[in-house]
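# Inside the fold
What follows is the residue order along each chain.
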Amino acid sequence: MRVAYDGDNDEPKVQISGELEEYRDLGETLKVLGNSCDVEGFGEGDEFYPEVLRGLRLELTTTNSDTLLTIAICKQWLCLSGSTQAFVKLGQSLLNFFDEDVTNNAHLHLDYFEGNELLAPTTCHLILECA
């Protein structure tokens with residue numbers, strides 16, 4: 001899975017590009033996440049997303065009161081932090097979108113909007129693409 005962004009540190013556009021099975025595995029992992037962990041990325045940048053990050057840093061918070069995920073780029077990682085409930089929501093969303101009928105180049109946008117029930121306010125825009 002490649003995690004890269006456009007180099008804009010104020011409003012980064014991040015593209016996660018992976019194969020169907022990688023998204024399915026990530027979705028299952030998120031649903032049962034018991035500890036914070038890193039998911040190493042690999043690959044090279046391209047003209048739209050030239051800055052390659054080390055991967056995903058999944059940070060499980062100790063409180064279940066916050067059901068929203070926080071997303072930011074920190075120290076060359078795309079950091080996602082939140083409660084177990086927040087990671088379960090994201091994991092199920094990935095499994096729902098990246099099902100057996102998904103085609104190459106299909107993509108899912110995760111952006112904050114007022115009233116969002118998954119993401120805490122962020123200027124980071126995520127695009128998850130099936131490669």
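Refer to the structure presented above.
Right, let's walk through the structure included here. Since this is a predicted model, take the numbers as computed values, not measurements. (Residues numbered from 1 in each chain as written. Predicted model: local features only at pLDDT ≥ 70, side-chain atom pairs only at ≥ 80, totals over all residues. Heavy atoms only, no water.)

With that settled, consider the state of the cysteines. Evaluation of the coordinates by the stated rule reveals 1 disulfide. The partner cysteine of C74 in its disulfide is C79, sulfur to sulfur 1.9 Å. Across the S-S bond of C74 and C79 the torsion is about -115°, and the bridge reads as left-handed. Overall, the relative accessible area of 29% leaves C74 in the partly exposed class. Exposure remark for C79: the relative accessible area of 6% places this residue in the buried category. (Disulfide = S-S within 2.5 Å. Buried < 20%, exposed > 50% of the residue type's maximum accessible area, 1.4 Å probe, protein only.)

Per the counting criterion, the structure on display carries 2 aromatic pairs. Between Y23 and F98, the aromatic rings sit 4.0 Å apart at their centres with planes inclined by 5°, giving stacked as the arrangement. Of this pair, Y23 sits in helix α1 (residues 20–31) while F98 sits in the loop between α2 (84–97) and β8 (107–110); the two residues are 75 residues apart in sequence, bridging distant segments of the chain. F98 sits in the buried class, given a relative accessible area of 0%. Of the aromatic side chains, those joined through ring pairs into one cluster are Y23, F97 and F98. (Phe/Tyr/Trp six-rings, centres within 6.5 Å; stacked < 30°, edge-to-face > 60°. Helix = DSSP H or I, 4+ residues; strand = E, 2+ residues; numbered from the N terminus.)

The subject of this paragraph is the sheet that holds strand β3 (residues 37–40). Pairing is mixed across the open sheet formed by 4 strands, whose spatial order is β3-β5-β7-β6. The sheet is open, and its two borders are formed by β3 and β6 (70–74), each paired with just one other strand. Between one strand axis and the next, the sheet turns through 20° on average, direction left out of account. Relative to strand β7 (residues 77–82), β6 runs antiparallel, the two sharing 5 bridges. Across the sheet, the residue bridging to I71 is L80, located in β7. Together, β5 (55–60) and β7 form the strand contacts of α2, whose direction differs from that of β7 by roughly 120°. (Pairing = 2+ DSSP bridges. Axes fitted to C-alpha atoms, helices over the stretch in contact; angles between N-to-C directions. Contact = heavy atoms within 4.5 Å.)

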